[in-house]
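One-letter residues, chain by chain:
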Amino acid sequence: MNRSRLYVLGACGVVVVLATLLAVRLLGREERDAPAKPVVPLARYDEPAPPAKVPPPVAAAGLKIPCWGCPVEGKSWPTTFRTDLDILAPLGDGAGNAALWLKDFSKAEGSRSEEAEKAAKRRVEGPPEIGKVLPPDDPLLLEAEPWADQAVMRFYPEILPLEGFATPIPNLLLSLTFAKSWVARGLANPDSPTALDDCRRAIRWGRLLRQDDVTVIQDLIGLACIRIGAQGLYDLASRRGDMPLMLASAIVVGEHGPQRLRTMELIRIRGDAVVISGEDRAGDGRLDVLVDRARNAPDRRFRGEAVLQLAIVRQEGTRAQRQRAEETLAEIAAAKDPILSALARWARTATLTKAELAQQAGTM
Amino acid sequence: MNRDDLFRGLEPPPPPPGLREAALRAGRAAMAAAPARDTWTALFTSRSLRVAWLTAVLVLTAANLFVPPGRAEGPGPIRRLDPEVAAIGRLPGRGGPDLPGIRENGLEGDRL
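Residues numbered from 1 in each chain as written. Chains lettered and ligands numbered in written order. Predicted model: local features only at pLDDT ≥ 70, side-chain atom pairs only at ≥ 80, totals over all residues. Heavy atoms only, no water.

Here we look at the state of the cysteines
Residue and element names in this part refer to chain A.
Argument step 1. On inspection of all chains with the given rule, the structure shows one disulfide over all chains.
Argument step 2. Across the disulfide from Cys67 sits Cys70; the S-S distance is 1.9 Å. Because the torsion about its S-S bond is 100 degrees, the bridge between Cys67 and Cys70 counts as right-handed.
Argument step 3. In this structure Cys199 is not part of a disulfide, and its nearest cysteine sulfur, from Cys225, lies 13 Å away. (Disulfide = S-S within 2.5 Å.)

Structural data, given as structure tokens:
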């Protein structure tokens, strides 16, 4: 070959390679910077919270310490408190849905999201074990109180849509801040007659957050609110020498850790990330676990998480894995539970981007 | 009969005078001159093309260095959790720190 021709072609090749690399980078940025699905703002809810009465705690008769670690007894339990929380903080009887009010503070869709951001900036340092809280007379904190007396807080599916991995969630930071702030206020005035009420309010708030049982993170925040409130009750009861209340709140606090551990067990497989791809033939065993969870997990949120993972398998698994995932999703799409059915229908048609797959692969 | 008389007039015309010397002179000159360049050589030795190529390589290299690659995390549907909320979602065990699924941005972590 003519040596000059070799040099010229080589030089052209260098330019082509560099240009190709740059094009790949630019295309990747375009995908990243591509506008997300347009956010439809939620209509603001301006009605006041319906009047509500909160019954007093029921008598703590026959308290038992649940054995979450027991191999036979504990394994089949739903991941919720075994202790009746009505002995600490019964729910109010308000006829409203607290989710209608709280949804306005959602970060993306909420009409009052700016107020939530401002509230986060108003926080002050609370007790070291609690962290940042709103001032005790913060107007937003006071506005939230009657909503904690309602009987129901349900976001899905009427208020927030079910969209697989893109399912919007309420403002959980604000929710957590409310609970912390009430407890901090109670602990700041331990001898006040409303101190116990503040801690009970935090527990009610957590119970309301757990009602949906759709997303794991919302449930964990609700669980945290309950723990904070129960811990506050324990501290106040300890100061007052109220042994029955100390015992009941201690048992409730003791159930917090096992539920978190059980949550971890039910969203991971053997502690590892669930990564099932076309190359992962060993993923068949993991797929067995996923299918079983999607069908049989005792709590809906874990079934929903398994359904979302099956969406990945349906797209990325081997041929046999994809078929099995599709069959399972079809079965769940026909289920009576409208939330699981909606998630399964999403999973059967979803096409996940590389960015979403990469994020899911590193997040379980 | 004289044989030469038979073919008189049919002889080829003589070459022009001085042609032989001119041809030899041209041949000597061609032998002494450099060979003609082909297209590839012309391209390879062109100064302007070399400058253009070098400029292109430098620009593309700089662009590749300063343009960050597209990241796996897109705005997409997956947002990031408040760090305080994410701290609660950070469950014990291997396989990654955060909950799968939905995320939003957040602030500093907290003890829960």
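Points about the domain arrangement of chain A
Residue and element names in this part refer to chain A.
Argument step 1. We note that the domain assignment places domain 1 (85-266) and domain 2 (269-361) within chain A.
Argument step 2. For domain 1 versus domain 2, the separation of C-alpha centres amounts to 31 Å.
Argument step 3. In this assembly, 18 residues from domain 1 lie in contact with 15 residues from domain 2.
Argument step 4. Here domain 1 packs against domain 2, burying approximately 1,600 Å² in sum over the two surfaces, 66% of which is carbon and sulfur. (Domains from an automatic or database assignment. Contact = heavy atoms within 4.5 Å. Buried area = accessible area lost by both parts, 1.4 Å probe.)

Section: the pattern of salt bridges
Residues and elements named next belong to chain A.
Argument step 1. In the structure shown here, the tally under the stated rule is 24 salt bridges over all chains.
Argument step 2. A salt bridge links Asp104 to Lys103, with the nearest nitrogen and oxygen atoms 2.8 Å apart.
Argument step 3. The exposure class of Asp104 is buried, given its relative accessible area of 0%.
Argument step 4. Where Asp219 meets Arg301, a salt bridge forms, and the shortest distance between an N and an O atom there is 3.2 Å. Here Arg301 lies in helix 11 (residues 300-316) and Asp219 lies in helix 7 (residues 216-240), a separation of 82 residues in the sequence. Each member of the pair, Asp219 together with Arg301, is buried. (Salt bridge = Lys/Arg side-chain N within 4 Å of Asp/Glu carboxyl O. Buried < 20%, exposed > 50% of the residue type's maximum accessible area, 1.4 Å probe, protein only. Helix = DSSP H or I, 4+ residues; strand = E, 2+ residues; numbered from the N terminus.)

Some points on a nonpolar patch on the surface
Argument step 1. Together, A:Val14, B:Trp53, B:Leu54 and B:Leu58 make up an exposed nonpolar region whose accessible area comes to about 360 Å².
Argument step 2. Looking at where B:Leu58 falls in the secondary structure, it is placed in helix 4 (residues 47-66). (Patch = residues over 30% accessible without salt bridge, like charges linked within 9 Å, V, L, I, M, F, W, Y side chains within 5 Å. Areas by Shrake-Rupley, 256 points an atom, 1.4 Å probe, with all protein chains shown as cover.)

What about the packing of aromatic side chains?
All names here are of chain A.
Argument step 1. Throughout the structure, instances matching the rule amount to eleven aromatic pairs over all chains.
Argument step 2. Taking the centre distance of 5.3 Å and the plane angle of 90 degrees together, the rings of Trp68 and Trp77 count as edge-to-face.
Argument step 3. Geometrically, the ring pair formed by Trp101 and Phe105 is edge-to-face, given 4.9 Å between the ring centres and 65 degrees between the ring planes.
Argument step 4. Trp101 sits in the buried class, given a relative accessible area of 1%.
Argument step 5. Ring-pair connections join several aromatic residues into one group, and the members of that group are Tyr45, Trp101, Phe105, Trp147, Phe178, Trp182 and Trp205.
Argument step 6. Between Arg201 and the ring centre of Trp182, over which it is positioned, the NZ or CZ distance is 5.8 Å. (Phe/Tyr/Trp six-rings, centres within 6.5 Å; stacked < 30°, edge-to-face > 60°. Lys NZ or Arg CZ within 6 Å of the ring centre and 35° of its normal.)

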